[in-house]
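Structural features, examined
So you can see what is in the structure, the chains are spelled out below.
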Amino acid sequence: MPEPARSARHSFAALWTGTLLLLGSAALPCAASAEDVKLTPAQAQNLGIRVTHPISSRTDRTLPYPAQIVIPTPQLWVVSAPVSGMVTNLAVARGDRVTAGQPLLTLESPSYVSLQRDYLHALAQEVLAVQQLKRNADLFEGKAIPQRVLESSQTEARQASIVVAERRQMLHLSGLSDEAITRLTNEAAISATLTVNAPQAASVVDIVVSPGQRMEQAAPLVKLARLSPLWAEIAIPATNIGAIKAGARVDIDGYATPGRVILVSETTDAATQTILVRAEIPNNGELHSGQTAAARIGFISAGESAWEIPYSGLVRRGDQASIFVAIAGGFRQVPVTLLAEDQDHVVVSGPVTEQDEVAVGGISALRGILSRLGQ
C-alpha cells in the first residue's frame with residue numbers, strides 16, 4: 001500500500017482524551033454479551049470513537065528490529081605467544097585473509113633457544129641410555145651382571161624416551177612442525193627466531209602487538225575469525241517474544257540471503273525489558289561484524305494471517321491482548337495474538353479480516369463501558 005494512503009488511514013487514530021463523564025448510565029444500552037458494547041452511531045461519535053481497517057501483513061514478518069552483526073564465538077580465536085620474546089616482524093595486517101600455515105609474525109626468543117637445546121640434550125641422553133641398556137642386556141646374557149642392573153637400565157631408557165617425547169611436545173606447542181623438528185634433530189641447528197603461523201584459514205580481525213614489543217608467553221598476538229556465517233543479535237521486547245520461535249526465518253533489510261533463529265534467550269534484560277534473539281546469517285561478504293542492521297523475523301505459518309493496526313487500537317490486560325471490532329449496533333472485544341510492535345503500530349493475528357473496522361480512538365470509553373458491565 002502506498003505510504004500516503006497508509007498514513008491517511010491511520011491519521012485519525014489519536015486516542016480519546018476526554019473522561020467518562022459523558023457516559024450517563026441511562027444513556028448506555030446493555031451489551032449483548034460480556035465482550036459486546038452496544039452503541040448507536042451518535043453515541044460512538046460523542047465518545048470520540050474512531051475506526052480504521054486493518055492492513056494485511058502478507059509477508060508474515062515482524063516489524064523491523066535493530067540488530068547487531070557479530071562474529072560467532074566458536075569462529076573467533078586468539079593466536080598467543082608460544083614463548084616469551086620480542087616481535088621482530090609482522091607479516092599480516094588487520095582485515096587480511098590468511099590460509100592455514102601462513103606466517104603471521106616472527107619472534108626472537110631466548111626461551112625458544114632453550115627449548116631446542118633441552119630437546120637435543122634429551123635426545124643425547126636417550127641415545128646413551130639405549131646404548132647402556134644394550135650393553136647390560138649382553139652382560140646379563142653372559143651372567144656377568146644381576147637382573148636388577150638390567151631392569152635399572154630398562155627403566156632409565158624408558159625415562160629417557162619419555163623426556164624426549166615431552167621436549168618434542170614443547171617444541172610442537174611453540175609452533176614447530178614435525179618437519180622442522182626432524183630438521184633440528186638431524187642438523188642440530190638451533191635458531192633464535194620463531195615464526196608464528198595461522199592455525200587455519202581465517203580473516204585477521206585485530207593485531208594487538210607491534211614490532212619491537214616484548215611479549216610474555218601466552219600473551220595475545222593476533223585475533224582471527226571465520227566471517228561466515230555471522231550472528232545477528234536482536235533485542236525483542238518481552239511482550240512480543242511469544243510469537244518468535246527457534247528456526248524462524250530472519251531477513252536483514254538490504255541483504256538478499258535469509259537466516260534462521262538459533263536462540264531465543266530464556267532471560268530478560270532487566271534494564272530494557274528485552275529478550276535476546278540470535279540468528280545465524282550466511283555471509284557472502286556483504287555483511288560486516290560490528291554493523292547495525294534492521295531485522296525482520298518470521299512469526300507465523302503461511303496458512304495464517306497477520307494484521308497491522310495503529311498502536312492505539314491495542315488493548316492489553318496482563319499478558320492478554322485484544323482489539324475492539326465494529327459489529328452491528330456497537331463493538332466487540334476480540335482476543336488477538338500480539339506478534340510485533342513499535343511505537344506507532346502493532347502486528348496481530350486473530351479472527352480479523354481487512355473488511356473489519358477496528359477501533360483506534362475512544363478505546364478508554366469502550367473499556368470503561370465493559371468495566372461497568374462487569375468485564
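A brief report on the enclosed structure follows.

What counts as what
Residues numbered from 1 in each chain as written. Predicted model: local features only at pLDDT ≥ 70, side-chain atom pairs only at ≥ 80, totals over all residues. Heavy atoms only, no water. Helix = DSSP H or I, 4+ residues; strand = E, 2+ residues; numbered from the N terminus. Buried < 20%, exposed > 50% of the residue type's maximum accessible area, 1.4 Å probe, protein only. Polar contact = N/O pair within 3.5 Å; in protein donor to acceptor, adjacent residues only side chain to side chain. Contact = heavy atoms within 4.5 Å. Pairing = 2+ DSSP bridges. Axes fitted to C-alpha atoms, helices over the stretch in contact; angles between N-to-C directions. Salt bridge = Lys/Arg side-chain N within 4 Å of Asp/Glu carboxyl O. Phe/Tyr/Trp six-rings, centres within 6.5 Å; stacked < 30°, edge-to-face > 60°. Lys NZ or Arg CZ within 6 Å of the ring centre and 35° of its normal. Parallel < 35°, antiparallel > 145°, perpendicular 65-115°, else oblique. Left-handed = near helix turned anticlockwise from the far one by under 90°.

Tracing the sequence through the fold places Ser322 in strand E20 (residues 320-327). When its relative accessible area of 8% is taken as the criterion, Ser322 is described as buried. A polar side-chain atom of Ser322 sits 2.9 Å from a polar atom in the side chain of Gln333. The contact partners of Ser322, leaving out residues within four places of it in the chain, are Gly313, Leu314, Val315, Gln333, Val334, Pro335 and Val336.

The six strands are arranged E4-E13-E16-E15-E14-E17 in a closed barrel whose pairing can be described as antiparallel. On average, adjacent strands in this sheet sit at an angle of 40° to one another, irrespective of strand direction. Of the strand pairs in this sheet, strand E4 (residues 65-70) and strand E13 (residues 230-237) are connected by four bridges, and their pairing is antiparallel. Looking across to E13, one finds that Val70 is bridged to Trp231.

All right, on to the pattern of salt bridges then. Scanning all chains against the criterion turns up nine salt bridges. Lys134 is paired through a salt bridge with Asp138; the nearest N and O atoms lie 3.7 Å apart. Residue Lys134 and its partner Asp138 are both found in helix H3 (residues 110-141); the two are separated by four residues, about one turn of the helix. Given the relative accessible area of 56%, Lys134 is considered exposed. One salt-bridge network, held together by shared partners, links Arg117, Asp118 and Arg167.

Once that is clear, we can look at the packing of aromatic side chains. Applying the stated criterion across every chain yields a total of zero aromatic pairs. A cation over an aromatic ring shows up here: Arg278 above the ring of Trp231, its NZ or CZ 4.4 Å from the ring centre.

Here the focus is the packing of helix H4 (residues 147-173) against helix H5 (residues 178-187). Closest axis-to-axis distance for the H4/H5 pair is 10 Å, and the angle between their directions is 130°. Judged on the interaxial angle alone, H5 and H4 are oblique. For H4 against H5, the interelement crossing comes out right-handed. Counting all contacts with H4, which are made through Arg168, Leu171 and His172, the residues of H5 involved are Asp178, Ile181, Thr182 and Leu184.

A separate point is unusual backbone geometry. Omega for the peptide link from Ser228 to Pro229 comes to 0°, which places this bond in the cis form. Looking at where Pro229 falls in the secondary structure, it is placed in the loop between strand E12 (220-225) and E13. Look at Ala188: it is not a glycine, yet its phi comes out positive at around 55°. Mapping Ala188 onto the fold places it in the loop between H5 and strand E9 (193-197). A positive phi angle is found at Ala218, which is not glycine, with a value near 75°. Checked against the element boundaries, Ala218 lands in the loop between strand E11 (214-215) and E12. On the accessibility criterion, Ala218 (54% relative accessible area) is exposed.

Time to look at the pairing of strand E21 (residues 330-341). Most of E21 is tucked away, with nine of its twelve residues classed as buried. Examined bridge by bridge, strand E1 (residues 36-38) and E21 share three bridges and lie antiparallel to one another. By the bridge assignment for E21, Asp36 is matched with Arg332. Direction of pairing for E20 relative to E21: antiparallel, over a ladder of seven bridges. Bridge pairing links Ile327 to Gly330 in E21. Here E20 folds back onto E21 in antiparallel fashion, the turn holding two residues, of which Gly329 has a positive phi close to 85°. Note that E21 and strand E22 (residues 345-349) share four bridges and pair antiparallel.

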